[in-house]
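# Understanding the architecture of this molecule
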Amino acid sequence: MDGIPGPDEFRAQARSWLRTVAPARATHQEWGRGDDSVAVFENWTEDEERAHTERTRAWERTRHDQGWGALSWPAEYGGRELPAHYEQLYRAEESAFDVPRRTEIFPVTQQLVAPALRIWGTPEQKRRLLRPLLRTDELACQLFSETEAGSDLAAVRTRAVREDDGWRLNGHKIWTSGARVATWGVAVCRTDPEVPKHTGITVFLVRMDAPGVTVRPIRQMTGGSSFNEVYLDDVFVPDTDRLGPVGEGWRVALTVLAAERLDSGGLGLDNADRALDLARHLPRPLNDGERQQAADLFVRALVQRLIAVRVTSALAAGRAPGAEASVGKLHATATMRATTDLVQQLLGPRLAADTGEWGTFAWTEHLLGAPGYRIAGGSDEIQRNILAERVLRLPKEPKGAGR
Amino acid sequence: MFRLDADPALLRETEEQRQLRSVLREFLAQTCGPEEVRKQAGSPRGHDEVLWHRLAGEIGVHGLAVPEEYGGAGGTFAELAVAMEETGRVLCPAPLLSTVVLAGHTLLDSGDRRACARWLPGIADGTLTATVAGFPQPGGVTAERGAGGWVLRGGADFVPDGAGADLLLVVARAPDGERLFACEPDPATCERTARRVLDPTRRQALVRFRGAPAEPVGEPQRAPDTVAGVLDAARAALAAEHVGGSAHALDAVLAHVGQRTQFGRPIGSFQAVKHRLADLLVEVEGARSAAAYASACLAGRRTDELPVAASAAAVACTAAYRLATAEYVQLHGGIGFTWEHPAHLYLRRARADEALFGTGDDHRLRLAGLLGLTGRIG
């Protein structure tokens, strides 16, 4: 592709390409018909998850092969070296078309793991893995949290012990989404228990089909299973699948976590919009308090979108985004709670008992799923610590006992 | 239905705006420190006239958004918003909101070229102060045509900087409906009483017209639209001010909690304090985004989006300023509750401003109406 198209030109090109490969989404879904799911976490069986993943993967491959995936990446990885914010411009166009909704494993693979691999991977690893990850031939999940290492991720106890040409991994990971469909897991492991906790960590890329890897779904409070436990029993990982230097794993993990924060700014917006539609269509007049509550949710969602525009705008100007990039996830979880609160007020008993009416009891999926995002991907409390210490530069909390 | 389709360039600060911001911040640091602000606010006019002329002449603040043909710089509202944010950050008592935003935009939006040519150059060069009366609620003033021309009768209350302004733009009921009038007040026919105010840096007055001569401004039918547009511009300007004031409060608290020690630790190392400041940062960044969008709608003449953008900015920015000023006092402890500390001046500004063009809840109701968030009626 010659040169860089201007934003308007690029969006027009994206639109006309999308028209050739995907049907348009109904611009205004008719209220009271169609899918009324507002699930925050899918309640799929393994077969359903696999089927949906295959549909999404097929779409991602089409995108990649026709020059509309990996937009900001170099040509050797199938990209076009466009500025970072062109991805957002593309997504704005894609949202008008009926394409498979990307479940979490896709952004984890493309927006979290691939960029970390680009920073920390060896030339051989980049050649071998980047393109398959971007094309989603390979899907990567995060083997980060453990039962005793949640917010304090650096306390991980999964051990990796050196052998002749590789490493032997033993441990138990938890809260891994997409583990059932992933081909790789990015595992944060302890390689040196004798040094302070942040310096004894190394990250490995683990084949999810390797002998000794066992995946067990966790049933979450929504009733379904979106997360898994992953047991690593004497799993062998060749040294060529170590990501980053030995003992530098904490920095590698931080790279992934920072990308995760950036990627979470759009959370909850679809359901907020749906709740506002409910406020428009409810078959009775809203009282003043309800109107104010609905308008407040509208402002929250608008502001969340504007913050994302400012982040894009900073990237487009070649600047690193400032505080606006870090506040996104806290803003998003607050939007999700405000959505629940509005729906609670508008639906009354129809939220507590299923009358069979369209778009009523279905909101229990949102109500029960939303609390999960206040914990996942760095809890609200950890997000506040990050804002306070890294953005506002407040003094660090004194450390407790232990390393 | 309202759908945001924002170009990333929309909210980007230009190089000129960045320069203006840094020039103003330095200028105001030298001229509008906390002690100077108190002195200026306590002076007979309620602001420093030398500073007023320097702002107009040296920096050109007053003419930023005034077209060149009327003696201005021909910029947009986005530049003016930078000035409002920076003056709001230090609580500069200069009557920019009344003169430049309210009166300036009323003249411009009225479409009355003769009135613009007569008064806008004075606003742009700082020789004229002006304000509006009868915004947002008209009703108290009537206009009638006498032998010597139009005269005004009745009263308007809560007029910003009303006691000192050289020119009043008044919404009045004329025989043919609501109209705008310009009145250069004369004590013989216009009695002006300064109100005791919550916020000493922004004065208000009761204005009584007793047959005060006035000239109509703009076409008769146009007045309600003009007023509506000016009010939304004023909300966007206040939103920018609130961002500046909130950001100052956050900075001041950060400085304090970093050096204040209790229990052998800086109080800023306690999670109870850190988390509150993180929450305040989230609010301030949200407010900044909403204010930038409202400014961009005015600057880019996105008039369809303006009412929603202005009210959304009012909701986000009044909430942020309420929280920021409450935390400004609270996280300074006892010292923050003293008369000498500037925190209360910001708290006063935050609360008094909400009374001007609508509280957060007023704007939520307005938004619900604009967006159809009303359920099915009837």
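Rules behind the numbers
Residues numbered from 1 in each chain as written. Chains lettered and ligands numbered in written order. Predicted model: local features only at pLDDT ≥ 70, side-chain atom pairs only at ≥ 80, totals over all residues. Heavy atoms only, no water. Domains from an automatic or database assignment. Contact = heavy atoms within 4.5 Å. Buried area = accessible area lost by both parts, 1.4 Å probe. Salt bridge = Lys/Arg side-chain N within 4 Å of Asp/Glu carboxyl O. Polar contact = N/O pair within 3.5 Å; in protein donor to acceptor, adjacent residues only side chain to side chain. Nonpolar A, V, L, I, M, F, W, Y, C, P; charged D, E, K, R; others polar. Core = buried A, V, L, I, M, F, W, Y, C linked by side-chain atoms within 4.5 Å. Buried < 20%, exposed > 50% of the residue type's maximum accessible area, 1.4 Å probe, protein only. Helix = DSSP H or I, 4+ residues; strand = E, 2+ residues; numbered from the N terminus. Phe/Tyr/Trp six-rings, centres within 6.5 Å; stacked < 30°, edge-to-face > 60°.

## Structural notes on the domain arrangement of chain B
All names here are of chain B. When the domains of chain B are assigned, the result is domain 1 (8-129), domain 2 (132-219) and domain 3 (224-371). For domain 2 versus domain 3, the separation of C-alpha centres amounts to 30 Å. In this complex, domain 2 contributes 11 residues to the contact, which on the side of domain 3 involves 14 residues. Between domain 2 and domain 3, the buried area comes to about 1,200 Å², and carbon and sulfur atoms account for 67% of it. Seen at the junction of domain 2 and domain 3, the total is 3 salt bridges. Between D353 and R202 there is a salt bridge, with its nearest N and O atoms 3.0 Å apart. Where domain 2 packs against domain 3, one counts 5 residue pairs in polar contact (both at pLDDT 80 or more). For the side of domain 2 that touches domain 3, the class distribution of residues is 6 nonpolar, 2 polar and 3 charged.

## Describing the nonpolar core
One finds F298 of chain A together with L55, L97, L107, L277 and Y293 of chain B to be the most contacted residues of the largest nonpolar core, which totals 144 residues. Here this core gets 18 residues from one element, more than from any other, and that element is helix 7 (residues 223-259) of chain B. Setting aside residues no more than four positions away along its own chain, Y293 of chain B makes contact with L302 and L306 of chain A together with F2, L4, L10, L11, E305 and A309 of chain B. With 32 residues, the next largest nonpolar core counts A114, W120, L130 and I201 of chain A among its residues.

## Here we look at the environment of V299 of chain A
Counting through the fold element by element, V299 of chain A comes out in helix 8 (residues 288-316). For V299 of chain A, a relative accessible area of 4% puts it in the buried group. It is 51 Å that separates the C-alpha atoms of V299 of chain A and E194 of chain A, two residues lying 105 residues apart in sequence. Setting aside residues up to four positions removed in sequence, V299 of chain A forms contacts with A312, V315, A316 and L367 of chain B.

## Considering the side chain of T183 of chain A
With respect to the helices, strands and loops of the structure, T183 of chain A is situated in the loop between strand 3 (166-177) and strand 4 (184-190). Not counting residues up to four positions away in its chain, the partners in contact with T183 of chain A are E138, L139, V206, R207 and M208 of chain A.

## Description of the interface of chain B and chain A
Interfaces are frequently sized by the accessible area removed from exposure as the parts join. Each partner contributes to the interface: chain B provides 50 residues, whereas chain A provides 55 residues. Summing the contributions of chain B and of chain A, the shared interface buries around 4,400 Å²; its carbon and sulfur component is 68%. Per-residue buried area on chain B facing chain A is highest for K274, L373 and R376 of chain B; these three make up 15% of the total on that side. We note a salt bridge from D279 of chain B to R384 of chain A, for which the minimum N-O separation is 2.6 Å. Between chain B and chain A we count 16 residue pairs in polar contact (both at pLDDT 80 or more) in total. Examining the composition of the side of chain B that touches chain A, we find that 15 residues originate from one element, helix 8 (residues 271-299) of chain B, more than from any other.

## Comments concerning the pattern of salt bridges
All names here are of chain A. Taken as a whole and assessed by the stated rule, the structure comprises 63 salt bridges over all chains. The shortest N-O distance in the salt bridge between R63 and E60 comes to 3.1 Å. Here E60 and R63 lie together in helix 2 (residues 46-65), a separation of 3 residues that amounts to about one turn. On the basis of relative accessible area, E60 is assigned to the buried category, the value being 1%. For K197, the salt bridge identified is with D152, shortest N-O distance 2.8 Å. Of the two residues, K197 is situated in the loop between strand 4 and strand 5 (201-207) and D152 in the loop between strand 1 (140-143) and strand 2 (159-163); the sequence distance between them amounts to 45 residues. Given a relative accessible area of 16%, K197 falls into the buried group. D152 gets classed as partly exposed once you look at its relative accessible area, which sits at 35%.

## Observations regarding the packing of aromatic side chains
All names here are of chain A. Under the defined criterion, the tally for this structure stands at 14 aromatic pairs over all chains. Judged by centre distance (5.6 Å) and plane angle (15 degrees), the ring pair of W17 and W68 falls under stacked. One end of the pair, W17, is in helix 1 (residues 7-21); the other, W68, is in the loop between helix 2 and helix 3 (86-94), with 51 residues separating them in the sequence. Looking at W17, the relative accessible area reads 10%, which means it is buried. Taken together, a centroid distance of 5.1 Å and an interplanar angle of 55 degrees make the contact between W167 and F204 tilted. Residue W167 is located in strand 3, and its partner F204 is located in strand 5; the two are separated by 37 residues in the primary sequence. As far as burial versus exposure is concerned, W167 and F204 are alike and both buried.

## Quick look at the environment of D209 of chain A
Mapped onto the elements, D209 of chain A comes out in the loop between strand 5 and strand 6 (213-218). Spatially, the C-alpha atoms of D209 of chain A and G67 of chain A are 31 Å apart, while their sequence positions differ by 142 residues.

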